[in-house]
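# Survey of secondary and tertiary structure
Each chain is listed here by its residues.
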Amino acid sequence: MPRPPRSDARANRAGILDAARSTLALDPYASVDVIARSAGLSRRTLYGHFDDRDALIRELISTGAQRFNAIAESTADADARIALARLTARLWQEAAHVQFAAALALDEAHVEHTADALAPLRRAVAQLVQRGQDDGSFRTDVAAPTLSRLIEEVARTVVSRTDASSSGAANLAVRTVLSIAGLSWRETDELLTAHPDITEIPA
């Protein structure tokens, strides 16, 4: 049975990940050397934890995906429209803090790893879409798996092309996703007016 990592090794690994997040937020193309210096460690120490830069980025994607998957598991509104709106808003608010990581995750070089890491979230969206189609909340002219994929691709585009920290960004993301699901802009207005907490930014 392998020994658990020593406490200093765990601290070094956590420090590398923290340094990578802050460094890549400023420069998505930062080298391993720059990340190691930011962590106050040698390049050799960094390579003791990660085989290469891609392995480090994959770890960042995996840890970020865990938070996204947890959000999906905690969204439990009975109304599929509200559930999809709330899920979108909460994911967006999380992405606003790590937009650089979201951009890296959506990069073609890492999209396959990202898809695997986000499998629980993708299943949750697929189930939500099916539920919304079954009760007549969502459009039914598109098969549920295709509609789920469309929602995913549109969300990916919005993340890539919108400043997540800008005022109203979460509202825009929610409106875009609901429109793909089949709601008119008037229906979305009514939904968000009735449930203003959906797009409220937590203090």
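Residues numbered from 1 in each chain as written. Predicted model: local features only at pLDDT ≥ 70, side-chain atom pairs only at ≥ 80, totals over all residues. Heavy atoms only, no water.

On to the packing of helix α10 (residues 169–181) against helix α11 (residues 185–194), then. Where α10 contacts α11, the two axes come as close as 10 Å, and the packing angle between them is 130°. By the angle between their directions, the pair α10 and α11 is classed as oblique. The two elements α10 and α11 cross, and the hand of that crossing is right-handed. Across the interface between the two elements, Asn171, Val174, Arg175 and Leu178 of α10 pack against Trp185, Thr188, Asp189, Leu191 and Leu192 of α11. (Axes fitted to C-alpha atoms, helices over the stretch in contact; angles between N-to-C directions. Helix = DSSP H or I, 4+ residues; strand = E, 2+ residues; numbered from the N terminus. Parallel < 35°, antiparallel > 145°, perpendicular 65-115°, else oblique. Left-handed = near helix turned anticlockwise from the far one by under 90°. Contact = heavy atoms within 4.5 Å.)

Turning our eyes to something else, we now look at the environment of Arg122. Note that Arg122 resides in helix α8 (residues 119–134). The spatial distance from the C-alpha of Arg122 to the C-alpha of Asn69 is 8.6 Å, given a sequence separation of 53 residues. Discounting chain neighbours no more than four positions away, the residues touching Arg122 are Ala115, Arg149 and Glu152.

Leu84, Leu87, Leu121, Ile151 and Leu178 are the most contacted members of the largest nonpolar core, which totals 33 residues. Going through the elements one at a time, α4 (53–74), α5 (80–97), α8, α9 (144–161), α10 and α11 are the ones with two or more residues in this core. Filtering out sequence-adjacent residues up to four positions away, Leu87 remains in contact with Ile71, Ala72, Thr75, Leu121, Val125 and Leu128. Ala30, Ile35, Leu56 and Leu60 belong to the second largest nonpolar core, which has 13 residues in total. (Core = buried A, V, L, I, M, F, W, Y, C linked by side-chain atoms within 4.5 Å. Buried < 20%, exposed > 50% of the residue type's maximum accessible area, 1.4 Å probe, protein only.)

Okay, the packing of α4 against α8 next. Two elements in contact, α4 and α8, have axes whose closest approach is 8 Å; the angle formed by their N-to-C orientations is 30°. Taken together, α4 and α8 sit at an angle that is classed as roughly parallel. Handedness of the crossing formed by α4 with α8: left-handed. Between α4, through Phe68, Asn69 and Ala72, and α8, the contact on the second element is made entirely by Pro120, Leu121 and Ala124. Among the residues making up the contact of α4 with α8, the classes are represented as 5 nonpolar, 1 polar and no charged. (Nonpolar A, V, L, I, M, F, W, Y, C, P; charged D, E, K, R; others polar.)

Purely geometric numbers; function is a separate question.
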